[in-house]
Structures are given as structure tokens and as C-alpha cells.
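# Structural features, examined
The chain contents come next:
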Amino acid sequence: MHKIFITGGTGCIGSVTIFKLLQSQEVGKIVIATRSNNADPLKLWLGEDLDPRLEFVTLDVSNYAEIERVLLEVNPTHIIHLGAYQSPDCSRDHIGGMEINTGGTMALFDAAEKLTDLQRFVFASSAAVYGMRSLYSQDIIPEDVPLAPPNHYGIWKLAGEHLARLFYGNTKVPTICLRINTTYGKGRDKGKTSAPTNALKAIAMGAVKGELMTFEMPYQGKENYHFVEDVGAQFAAVTLQPYKGFGAFNIQGETIPIRSFLELVKQEAIALDMGDYVDFSIVENAPPNLFICDLDHKKIASTFKNLPLTDISEGIRKSILEFKKMAENGTLEYSTPAS
């Protein structure tokens, strides 16, 4: 039975990844390293009674000595490293972002080299490792193009990929980096690219309150979208399915213009009798989306089996319904997008 150690397991992607992992009979225990000990995001997926296979350990990934102590004590068969500062935090606190996103990652890899039973290491990277879209002439962007991160967050993630490559070279433990772009849906509450999810929340909150909630997208252009459940399923798949070697993969998603995404949201809201609560616009002179789009995901689809790719309209509909239920229960948190 697998013993999985996961950092960032109470965040958006960590929670849905755990939800998907627990559907496998191969998973005997999941040890969740968390700084906050806030299990509420997990309860969005698992309900109030958490699975008995879950175990929590308090850990700040900037405490390098503690990382080694905890990891050697747990001695996992699989590691999923999701813990990180997101883009707005890295922009506000460059040194803190480096200490967590690079230093914590390095400490985790160093400690993992000492493990005796480790079979897989999965690192959560980002599409922020790529350059701006204008750097590339290709219609679809594969993983092996030149990388030129547009912000500190992307620089730290690219450093993490290099550390992952060195780790594999030293240990030959199969190691996978997953490049994530805009995740939308239940649990997506933080980060610059939480904006599309906030558009969905505005409709649900407005419908329950009976008032129109104006929403403005803070950036424009095109965006590469991943439905949150698909992201969790893909992390679970690359953790558990057979794989040898080192690889960096774009997670499956779909690129469309932001205006088209908002139009699909409007169409689904109308179909759900919530069309009266749609009031969207894009901020005047909004900057272009910082992160790349048009990403090629053929590599991950051909390497792993049965990976989901939810149609954007279906993902939007499911998300609006989930948010409406949460708003009715008084548990939906809605805030304007991070700037």
C-alpha cells in the first residue's frame, strides 16, 4: 500500500488531488504537511468526516531542518510537492517567495534523497516557466521550447524543475513536473488567475442574495483553462500510474479568449435561470494575461491513461451549481480578484 506525503495538501489543488487519490485502493495513507492545519478546503471535497487514511503534520516548508526530520520520520513511498507562495505573494515578497518556493523545494529534494522506500516524486510546476506568448511563433506550444519566466513566481518554479531533474539524476526515482495554468472551479480562491472563478462566484452569490454583483476581469487576451477536478485527477494519475524517468508535462486544458470564457459563463447562467445576475466586463485598458496560452498537452495524454478533459461549458455549469449550493449554505467566500 502506498504512503503518500503531500505538501500544500489543504490548498485548492492539494485538496482535490487528495480527493482523487483516495478513490484508489492502492493508497493506504496520505500524510498532509500543512502550515495552517485548516482542513476546510478538504471538507469541500470529502465532507465533514474526513477519510481515516488522512494524517496531518504541522510543517512550514521554509523550516528546512524540520522538513528533513518530518520526511525521514514519515518515510513515504510517494511525494507530491504543492506547497508554494503564489504569484501575488511572490511579487510582494521576493525573498519570502524564494525561501519557500525554491529553498523549501530544495530542502524537500535533499531530504528525499535519503529515503529508502521512495517510488515517485511529483512537483507542481507552472506555465509561468514559459515566456510571454509573443516569444513563440508556434501555434501550439510544446514543453521543449526555450523558457523565460515573466515573473518571480515563474523563476522559482523553473528552479524547482531543475532541482527535480538533479534529484532524478542522483536517485533515479521517477520524477514528474506538472505545469499548471489557470485552474477554475470549487476551491479556487487565491492567486491572480482566480479571477475566472470569481466571475462564477459572482453569479452564484448574486442569485442567492437576489442582487446583481458586478464583476470586472483584471486582464485580457487568451487563457489556458483547467477544470479543477481534472487537475486533481491528473496529479493523482501521474502519482500512481507506471512511469520511469524524468519529465515535465503541460497539464491538459483548453485555450480560448477570455471574452469567450465570459460568454460561455453567461450562456450557462441563462440555462440555469441565473442570467439576470450576469454583469461582466473587462477593466478598461486591462493588461494582457501575463501567462502563456495555447499549450500543447499531447505529451501527458500519450504518457498516462484515461486523463479527463472536461468541456469548459460543462466545467462552468458544475462550478456555478456548486457555488450556488455553497452560497445557500453560507459557506461561499467571494472577493475581487488579486491585482
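Check the entry above for the structure.
To start, this report covers the structure provided alongside it. (Residues numbered from 1 in each chain as written. Predicted model: local features only at pLDDT ≥ 70, side-chain atom pairs only at ≥ 80, totals over all residues. Heavy atoms only, no water.)

### Side note on the pairing of strand 10 (residues 246-250)
Taken across its five residues, strand 10 has four buried, putting it largely inside the fold. The pairing of strand 6 (residues 175-180) with strand 10 spans five bridges and is classified as parallel. If you follow Thr 175 over to strand 10, its bridge partner there is Phe 246. (Buried < 20%, exposed > 50% of the residue type's maximum accessible area, 1.4 Å probe, protein only. Helix = DSSP H or I, 4+ residues; strand = E, 2+ residues; numbered from the N terminus. Pairing = 2+ DSSP bridges.)

### A look at the sheet that holds strand 9 (residues 222-227)
In space, the three strands of this open sheet follow the order 7-9-11, with mixed pairing throughout. The open sheet has two edge strands with one neighbour each: strand 7 (182-184) and strand 11 (254-257). Going from strand to strand, the sheet's axes swing by 45° on average, the running direction of each strand aside. With four bridges connecting them, strand 9 and strand 11 associate as antiparallel partners. Directly across from Lys 222, in strand 11, lies its bridge partner Pro 257. (Axes fitted to C-alpha atoms, helices over the stretch in contact; angles between N-to-C directions.)

### A short note on the sheet that holds strand 10
Neighbouring strands of a sheet are bound in pairs by backbone hydrogen bonds; such pairs are parallel or else antiparallel. Across the sheet, seven strands lie side by side as 3-2-1-4-5-6-10; this open sheet has parallel pairing. Because the sheet does not close on itself, it has two edges, and the strands there are strand 3 (54-58) and strand 10. Across this sheet, the average inter-strand angle for adjacent strands is 20°, counted without regard to direction. Sheet analysis places strand 5 (residues 120-126) next to strand 6, joined by six bridges and oriented parallel. When the sheet's bridge partners are listed, Ala 124 is paired in strand 6 with Leu 178.

### Observations regarding the environment of Arg 92
Tracing the backbone shows Arg 92 in helix 4 (residues 87-92). Each C-alpha atom of the pair Arg 92 and Leu 147 lies 23 Å from the other, and the pair is 55 residues apart in sequence.

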